[in-house]
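For reference, the chains in residue letters:
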Amino acid sequence: MTALLVVLGLAVGVLLGLLGSGGSILAVPVLVYVAGLPLSQAIPVSLVVVGAASATAVLPRLRRVQWRIAAVMGVAGAGAAYGGTALGRLLPEIAVLLGFAAVMVAAGARMLRSTDEHAGGSCALPGGGVDWRHCLVRAVGAGAAVGFLTGLFGVGGGFLLVPALTLLLGLPMAAAVPTSLVVVLLNAVVGFAAHAGGTDVDWTRAAVFAGAAVAGSLAAGRLAPRVDGSRLRRAFAVVVLLVAVAVALSSVLAVTAA
C-alpha cells in the first residue's frame, strides 16, 4: 500500500507541477477508488496534499501576493470550510461523492474553456491599497464559496479562485495565481483541522502521499516551460471529466446494489 501511495502521490504532484492548479482534484478519487481509503480519511489526506503543494508553489512568488485580498478571502473561506465540513458529516457518502463528481465536471469544463480572459476594473490600487468599496462583497463571496467546497470535498478550489481573482477582482494573472495559492493554503489548513477533529487520520499514509506529491510537483515544475500547457490542460480536462463520470456511475451502482 505504501508503494501505491507513493506512485499516486507522484502522479498527482506531477500534474500539479505541470498545470499549476487543478491537479489535486484527482487526489480524493485515487485515494478512495485506488488506494482504498474511506472517504472520511481520503478528504483530510487530500487536504494535506493541497496545503503542502500550495505552500511549495507559492514560496517563489511571495512578492506578487496581494496579501490584503488573500487575508479577506481566507478569513471568509475559513468559516465556510467549517460549514462545508459540518454539512459533509450530515450527508450520506453517496451524496458527497455525487457532489464531488459535479465539482469535477465544473473543473473539467473550466479547463476546456479558453484562458484568454479580460478582467474588469482592478481592486488593487497603486501603492498596495485595495478598493474595498467595490470589491469587498465580491472577495468575501468568492472566498466563502471556495472555502465551503474545500471543507466539503477536500479540493483546493484553484480552478475557481483564479478566474474569480482575474474577472471579479481584476487582478493580473501574475498576482492572481500566487494570491489564490495563499487562499487555498489557508482553506486547506482550516479544512484539515475541521476534518481531523472527528476522524482517525492515518498520519503515515498522509505524510507518504503528501511527500510524494510535493516531490513530483517540484520535479515537474522544472519541465513545465518545455510543455505545451494549453494542450496538456485540455487533455487533463478530458481525464477529469472521465473520472467524474466514473465516480458518479460507481456511486449510483453502489446504491442500486445495496
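Preceding this paragraph is the structure being described.
Only a predicted model underlies this, so the values are computations on that prediction, with no experimental measurement involved. All chains use their own residue numbering, which begins from 1 and follows the written sequence. Given that this is a predicted model, residues contribute local features only at a pLDDT of at least 70 and side-chain atom pairs are listed and counted only at 80 or more, while totals for whole chains, interfaces and linings are drawn from all residues. To obtain the side-chain values, all non-hydrogen atoms of the structure were used and water was disregarded.

Peer 1: Just to check I follow, could you spell out the overall build of the chain for this structure?
Peer 2: To qualify as a helix, a DSSP run of H or I must reach at least 4 residues; to qualify as a strand, a run of E must reach at least 2; elements of each kind are numbered from the N terminus. Along the backbone of the chain there are ten helices and zero strands. Counting from the amino terminus, the chain carries its helices and strands in the arrangement α-α-α-α-α-α-α-α-α-α. Across the 258 residues that make up the chain, the buried fraction comes to 47%. Residue pairs at least 24 apart in sequence account for 84% of intrachain contacts in the chain once pairs closer than 6 positions are excluded. Residue exposure (1.4 Å probe, protein chains only): buried if accessible area is under 20% of the type maximum, exposed if over 50%, otherwise partly exposed. We call two residues in contact whenever any of their non-hydrogen atoms come within 4.5 Å of each other.

Peer 1: Help me understand the environment of Leu31 in this model?
Peer 2: Here Leu31 shows up in helix α2 (residues 27-34). Classification of Leu31 by relative accessible area gives buried; the value is 0%. It is 8.2 Å that separates the C-alpha atoms of Leu31 and Leu8, two residues lying 23 residues apart in sequence. In this view, Leu31 contacts Leu5, Gly36, Leu37, Ala42, Val45, Ser46 and Phe209; residues no more than four positions away in its chain are not counted.

Peer 1: Where do I start with the environment of Gly84 in this structure?
Peer 2: Structurally, the position occupied by Gly84 is in helix α4 (residues 67-90). When its relative accessible area of 0% is taken as the criterion, Gly84 is described as buried. Remark: the alpha-carbon pair of Gly84 and Thr150, spanning 66 residues in sequence, is separated by 7.3 Å. When near neighbours in sequence (up to four residues on either side) are disregarded, Gly84 contacts Phe148, Gly151 and Leu152.

Peer 1: Would you take a moment to explain the packing of aromatic side chains for this structure?
Peer 2: For any pair of aromatic rings, the description rests on two quantities: the centre-to-centre distance and the angle between the ring planes. Each pair of aromatic rings taken from Phe, Tyr and Trp, with Trp reduced to its six-membered ring, is defined by centres within 6.5 Å and is described as stacked if the planes are under 30 degrees apart, edge-to-face if over 60, and tilted in the remaining cases. By the definition in use, this model includes one aromatic pair. Centre to centre, the rings of Phe100 and Phe153 are 6.0 Å apart; their planes meet at 65 degrees, and the pair counts as edge-to-face. A residue pair is termed long-range when its members are at least 10 positions apart, and Phe100 in helix α5 (residues 93-112) and Phe153 in helix α6 (residues 132-153) qualify at 53 residues. By relative accessible area, which is 3% here, Phe100 ends up buried. Overall, the relative accessible area of 6% leaves Phe153 in the buried class.

Peer 1: Got a minute to help me understand the packing of helix α7 (residues 158-168) against helix α8 (residues 173-196) in this structure?
Peer 2: For any two helices packed against each other, the geometry comes down to the angle between their axes and how far apart the axes lie. Fitted lines through C-alpha atoms serve as axes, helices being fitted only where they are in contact, and the angles separating the N-to-C directions of these axes extend from 0 to 180 degrees. As a packed pair, α7 and α8 sit with axes 9 Å apart at the nearest point and diverge in direction by 135 degrees. When the axes of α7 and α8 are compared, the pair comes out oblique. Crossing geometry of α7 relative to α8 is assigned as right-handed. Residue-level inspection shows Gly158, Leu161, Val162, Leu165 and Thr166 of α7 in contact with α8, the latter providing Met173, Ala176, Thr179, Ser180, Val183 and Val184. Split into classes, the residues belonging to the contact of α7 with α8 amount to seven nonpolar, four polar and no charged. For classification purposes, angles smaller than 35 degrees are called roughly parallel, those larger than 145 roughly antiparallel, those between 65 and 115 roughly perpendicular, and all remaining angles oblique. A crossing counts as left-handed when the near helix is turned anticlockwise from the far one by less than a right angle, and as right-handed when that turn is clockwise. For this classification, the nonpolar set comprises Ala, Val, Leu, Ile, Met, Phe, Trp, Tyr, Cys and Pro, the charged set comprises Asp, Glu, Lys and Arg, and every other residue, Gly included, is treated as polar.

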